[in-house]
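Each chain, written out:
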Amino acid sequence: MKKILLFILIINILSSCTNTNNHIPEAIEPTPTQQQIDWHKLETYAFVHFGLNTYNDLEWGYGNTPVSTFNPTELDCEQWVMTLKQCGMKGVILTAKHHDGFCLWQTKTTDYSIANSPYKNGKGDMVKELSDACKKHGLKFGLYLSPWDRNHAQYGYEDYVETYHKQIDELTSNYGELFEFWFDGANGGNGYYGGSDESRSINAKEYYDYERARDTILKRHPNAMIFGGTCQTIRWVGNEQGWAGDSDWCMINPEIDDNHKYLTHGSANGTHWIPAEVDVSIRPGWFYHKREDHQVKSIAQLADIYYRSVGHNANLLLNFPINLDGKIPALDSIRALEWHNLISNDLKDNILKNAKVNADSERGRKFKAENVIDDDWDTYWATEDDYNFGTISFTFDKPVKMNRVMLQEYVPLGQRVSDFYMEGELNGKWFKINAFDTLSTIGYKRIVRFGTVELDKLIIYFEESRGPLCINNIEAYCAPVLLTEPTISRDFDNYVKIESSDKDAAVFYTLDGSEPNENSLRYDKPFIFNENVIVKAISYDVESKNKSSVAIKEFDLSHDFFNIIEPKEGTRKIIDANIYSTMYIDNNEPLTFEFNEEQKICGFRYLPNQSRDASRHIVDYELYIDGKLIKNGTFGNIKNNPIEQIVRFEVVKGKTVKFVPTKNTDGSRNCGIAEYSIITK
Ligand code: FUL
């Protein structure tokens with residue numbers, strides 16, 4: 001019996017030597033830890049920024065804002081958690097302490113904390129309240145603890161480092177499991193520092209002793225990811241706008257100093273698996289400001305962020321500022337929910353499910369090409385040794401339409417692919433599929449977007465890879481056309497542009513004030529129009545015949561019809577159609593337009609600077625036509641709501657319009673104007 005068994009064993013060994021096909025492909029280092037693999041699978045989770053800044057309209061509190069101002073009256077962590085869950089978020093990270101040093105938990109390390117605020121008579125603990133809500137509703141919980149502390153008297157000295165580590169100790173001991181710990185990169189500079197009111201600088205790499213922090217965190221939370229610092233397991237993506245590179249490796253080399261240039265794209269030669277996390281706020285600011293209520297990101301912007309973060313091999317950390325009531329504002333919740341529904345709907349029916357799959361190289365049945373559509377994350381298609389390339393095709397019974405392809409590499413064996421492209425075949429004719437961005441890397445997940453194509457065969461060519469291909473999943477979808485209101489703009493050269501957020505949508509418009517429909521003018525490229533006009537436009541799906549709501553934009557006579565005679569300089573900024581470029585003029589300094597010929601003047605439009613944290617908006621003004629005061633007034637809520645201000649009055653015939661700002665929102669010397677025009681119709 002023993003002899004027979006030995007014989008079978010030898011046969012097996014021999015056959016596996018001759019048929020390399022059944023070997024698991026060798027891992028290509030670096031590879032992720034199991035914890036990192038689990039983190040990749042989270043894909044989207046939330047940030048909440050909340051604290052003293054919220055109650056003082058600040059982004060970076062100086063460290064001296066009175067604790068007494070922290071007083072949420074309707075705080076509801078369960079509302080946050082339930083909202084975030086409904087939006088598909090897998091976890092939430094709270095700013096336990098921001099740069100101002102204010103601590104949201106019952107800490108023994110400082111008096112600058114919730115314990116000395118009116119909230120629950122000093123008995124509140126935000127870290128506990130949120131972690132309890134997370135436990136109750138099944139959301140993961142993480143913490144942001146700013147290393148920079150603008151309140152602490154000893155910041156910059158040894159004592160503060162001890163305090164900081166005690167804070168880490170408290171936060172990692174008392175609040176249950178943490179899935180991520182966030183060390184912000186902003187460090188040193190001016191601050192209150194216990195009343196010293198000075199600038200202090202530190203060497204972040206050495207000062208904070210991140211190694212000790214890592215040991216404390218991982219001892220108690222072995223599954224937690226660490227963001228930032230010198231022992232990070234995930235990396236900042238290099239911007240706060242919501243995108244990772246279209247080429248994005250999970251690897252970087254933390255040993256080299258010039259790491260910054262690798263943040264967005266990673267590096268094929270990176271020595272450590274440190275994948276990118278994309279952090280971005282649903283509003284311009286991280287903290288809540290009433291003045292940003294009109295700037296919650298649109299569904300189209302959020303969808304783009306999703307495809308350029310999760311779809312670019314990164315995780316998305318989407319921030320929700322908490323408002324003064326202590327809630328996620330309704331507008332933000334609704335927007336995020338609509339966005340989640342949109343993405344779920346885009347990626348609902350996988351067209352490849354029933355396709356016939358073929359590949360030009362397979363490592364054996366265990367690694368067959370069909371594994372990419374079997375819904376099992378742990379089975380994958382792998383090519384033979386030395387086949388660092390390969391082709392896979394999907395054939396359909398009848399023609400299908402698609403505009404998204406999702407690909408995943410089996411990352412436990414390392415990230416490999418560095419170049420690929422796709423073709424379609426319809427009725428025997430081949431065509432290249434033109435993706436919206438460059439196709440190079442895949443990694444944990446890559447979603448490729450392109451204009452809808454019809455095909456009966458999809459073929460993907462993997463041109464280059466760091467080793468044999470290991471692809472565990474490929475899906476394809478036909479996302480419905482996104483029918484959002486088009487954006488209408490006119491530039492300095494009078495070109496009118498009407499853009500839909502979805503390249504598959506048609507755009508129809510009118511210039512006579514009538515409602516646009518599919519029989520109106522069809523937009524194909526920018527056109528010149530320098531007179532006053534109302535443009536109305538819709539996005540339209542030719543196939544379903546569905547349309548968006550109507551976008552309306554009014555333009556006044558362009559600068560072809562007038563000169564700005566004072567001030568002498570900088571006036572281009574107010575007619576350049578750029579909502580961020582801003583001209584500043586002193587209070588009581590006139591802005592004067594002189595028309596080429598007499599006009600029927602009946603109002604004006606003023607747009608304050610739309611940049612994040614912009615200030616010095618005009619509050620009070622006077623307006624003269626041919627020397628006569630026609631109107632003076634106040635823009636009541638402009639500080640909180642800096643949207644376009646439109647003022648209309650009875651027609652006055654004239655040639656010269658003098659607009660004089662007399663007071664701004666800040667009580668300072670000058671006023672900002674991003675755009676300005678005169679209504680003559
Ligand atoms: C930045 C900070 O300075 C911001 O205030 C915010 O917390 C963001 C998430 O990180 O670097």
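Rules used throughout
- Residues numbered from 1 in each chain as written.
- Predicted model: local features only at pLDDT ≥ 70, side-chain atom pairs only at ≥ 80, totals over all residues.
- Heavy atoms only, no water.
- Domains from an automatic or database assignment.
- Phe/Tyr/Trp six-rings, centres within 6.5 Å; stacked < 30°, edge-to-face > 60°.
- Lys NZ or Arg CZ within 6 Å of the ring centre and 35° of its normal.
- Buried < 20%, exposed > 50% of the residue type's maximum accessible area, 1.4 Å probe, protein only.
- Helix = DSSP H or I, 4+ residues; strand = E, 2+ residues; numbered from the N terminus.
- Pairing = 2+ DSSP bridges.
- Right-handed = clockwise from strand over helix to strand, strands pointing away.
- Contact = heavy atoms within 4.5 Å.
- Expected span 1.5 Å × (residues − 1).
- Axes fitted to C-alpha atoms, helices over the stretch in contact; angles between N-to-C directions.
- Near = heavy atom within 4 Å.
- Polar contact = N/O pair within 3.5 Å; in protein donor to acceptor, adjacent residues only side chain to side chain.
- Areas by Shrake-Rupley, 256 points an atom, 1.4 Å probe, with all protein chains shown as cover.
- 1 Å grid on protein atoms, 1.4 Å probe; cavity = no way out; pocket = protein on both sides within 12 Å on 5 of 7 lines; lining within 4 Å.
- Sits in = over half its atoms within 2 Å of the grid points.
- Nonpolar A, V, L, I, M, F, W, Y, C, P; charged D, E, K, R; others polar.
- pLDDT = per-residue confidence, 0-100.
- Points joined across faces, edges and corners; volume = space filled by probe spheres on them.

Looking at the domain arrangement of the protein chain
- The domains assigned to the protein chain are domain 1 (36-346), domain 2 (351-477), domain 3 (487-555) and domain 4 (561-679).
- Taking only C-alpha atoms, the centre of domain 1 and the centre of domain 3 are 40 Å apart.

Thoughts on the packing of aromatic side chains
- According to the stated counting rule, one finds 49 aromatic pairs in the structure shown.
- Here the guanidinium or amino end of Lys41 rests over the ring plane of Trp377, the centre of that ring lying 3.9 Å away.
- Above the plane of the ring of Phe436 lies Lys503, whose end atom (NZ or CZ) is 4.3 Å from the centre.

Some details on the pairing of strand S2 (residues 91-97)
- Here S2 lies mainly inside the structure; seven of its seven residues are buried.
- Sheet topology places S2 next to strand S3 (residues 140-145); six bridges connect them, and they run parallel. When the sheet's bridge partners are listed, Thr95 is paired in S3 with Tyr144.
- With helix H5 (residues 126-137) bridging S2 and the parallel S3, this β-α-β connection has right-handed handedness.

Regarding the environment of Ile299
- Secondary-structure assignment places Ile299 in helix H9 (residues 299-309).
- Placed 44 residues apart in sequence, Ile299 and Ile343 show a C-alpha to C-alpha distance of 9.9 Å.
- With residues up to four places along the chain from it excluded, the contact list for Ile299 reads Arg335, Glu338, Trp339 and Leu342.

Some words on helix H10 (residues 330-346)
- The end-to-end C-alpha distance of H10, which contains 17 residues, comes to 24 Å, matching closely the 24 Å that a straight helix rising 1.5 Å per residue would cover.
- Within the span of H10, buried status applies to Asp332, Ser333, Ala336, Trp339, Leu342, Ile343 and Asp346.
- Residues of H10 that are buried sit in contact with helix H4 (77-86), H9, strand S12 (315-321), strand S15 (390-409) and strand S19 (470-477).

Section: unusual backbone geometry
- Going from Glu29 to Pro30, the amide bond is cis rather than trans, its omega being 0°.
- Positionally, Pro30 belongs in the loop between helix H1 (2-18) and helix H2 (34-40).
- Glu566 connects to Pro567 through a cis peptide bond whose omega is 0°.
- Here Pro567 lies in the loop between strand S27 (562-566) and strand S28 (583-586).
- Positive phi is not limited to glycine here, since Asp386 has a value of about 70°.
- By secondary structure assignment, the location of Asp386 is in the loop between strand S14 (381-382) and S15.
- One non-glycine residue, Asn588, adopts positive backbone phi at about 70°.
- As for its placement among the helices and strands, Asn588 is situated in the loop between S28 and strand S29 (591-607).

Things to note about the sheet that holds strand S11 (residues 276-281)
- If you trace the eight strands from one edge of the open sheet to the other, you get S7-S4-S3-S2-S1-S12-S11-S8, paired in parallel fashion. Where the open sheet ends on each side, the last strands, each with one partner, are strand S7 (225-227) and strand S8 (235-236).
- Pairing between strand S1 (residues 44-49) and S12: six bridges, direction parallel. Residue pairing across strands places Thr44 opposite Leu316, the latter belonging to S12.
- Across the face of the sheet, H9 comes into contact with S1, S11 and S12 while running at roughly 145° to S12.

Let's talk about the site of the ligand
- The local shell around the ligand consists of Phe47, His49, Trp60, His98, His99, Tyr144, Trp182, Asp184, Glu240, Asp279 and Trp286.
- For the ligand, an oxygen atom lies 2.8 Å from a polar atom in the side chain of Asp184.
- Look at the ligand: alone it shows 290 Å² of surface, and the protein chains cover 91% of it.
- Using a 2 Å cut-off from the grid points, one finds that the ligand occupies the second largest pocket.
- For the shell around the ligand, the per-class residue count stands at five nonpolar, three polar and three charged.

Considering the confidence of the model for the protein chain
- Chain-level statistics for the protein chain give a pLDDT mean of 95 and a share of 97% at 70 or above.
- In the model, residues 11-19 has pLDDT below 50 throughout and makes one contact with residues more than four positions away in sequence or in other chains.

Observations regarding empty space enclosed by the protein
- Taken as a whole and assessed by the stated rule, the structure comprises three cavities of 30 Å³ or more.
- Approximately 80 Å³ is the volume found for the largest cavity.
- In this structure, the largest cavity is lined by Pro284, Arg291, Glu292, Gln295, Asn609, Gln610, Ser611, Arg612, Asp613, Ala614, His617 and Pro642.
- Of the residues belonging to the lining of the largest cavity, the class tally is three nonpolar, five polar and four charged.
- A volume near 40 Å³ is recorded for the second largest cavity.
- Forming the boundary of the second largest cavity are Phe50, Gly51, Leu52, Asn53, Thr95, Ala96, Lys97, His98, Asp100, Phe102, Leu104 and Phe287.
- Within the residue set of the lining of the second largest cavity, elements represented by two or more residues are helix H3 (52-55) and S2.
- No other element matches S2, which puts three residues into the lining of the second largest cavity.
- Residue composition of the lining of the second largest cavity, grouped by class: six nonpolar, four polar and two charged.

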